[in-house]
Amino acid sequence: QVQLVESGGGLVQTGGSLRLSCAASGRTFSNYAMGWFRQAPGKEREFAAGISWSGGSTYYTDSVKGRFTISRDNAKNTVYLQMNSLKPEDTAIYYCAADPSPIAAYARYQEYTYWGQGTQVTVSS
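Notes on the structure follow. (Residues numbered from 1 in each chain as written. Predicted model: local features only at pLDDT ≥ 70, side-chain atom pairs only at ≥ 80, totals over all residues. Heavy atoms only, no water.)

1. Here we look at the overall build of the chain
Looking only at helices and strands, the chain features zero helices and eleven strands. Counting helices and strands in the order they occur from the N terminus, the chain gives β-β-β-β-β-β-β-β-β-β-β. Taken against the 2.2 N^0.38 rule, which gives 14 Å for 125 residues, the C-alpha radius of gyration of the chain at 13 Å falls within 12% of a compact globule. Taken along its principal axes, the extent of the C-alpha atoms in the chain is 40 × 25 × 25 Å. For the chain, the proportion of contacts with a sequence separation of at least 24, taken over those separated by at least 6, is 58%. Summed over its atoms, the accessible surface of the chain is roughly 6500 Å², and 46% of this surface lies on carbon and sulfur atoms. (Helix = DSSP H or I, 4+ residues; strand = E, 2+ residues; numbered from the N terminus. Rg over C-alpha atoms; globule rule 2.2 N^0.38 Å. Contact = heavy atoms within 4.5 Å. Areas by Shrake-Rupley, 256 points an atom, 1.4 Å probe, with all protein chains shown as cover.)

Okay, here's the thing in structure tokens:
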């Protein structure tokens, strides 16, 4: 069983930055593939970024490429999402997700077993 707790959300102006953190419980965090998803009001949950267990491979949806960076610190059981040049359309609840198995398609939310409760990100125009 893995518990995920997100933090770092908040209100920021257009062009600003935020750094989200996802702290995971469990001693096998380093074996888990991780992802960040987001859900805006009235919209479906969508993939934002993913990272392999080693951190050697990262994946991004097109709309965040060049602005967001996913990383992980396995010694701290934490995965991060650095978000720069934020836009109003980035406003959403951001969820951290994890799975102990190798993931074939990081963008598919069905691939992930464990989810956090989410953290709100609001970008004002």
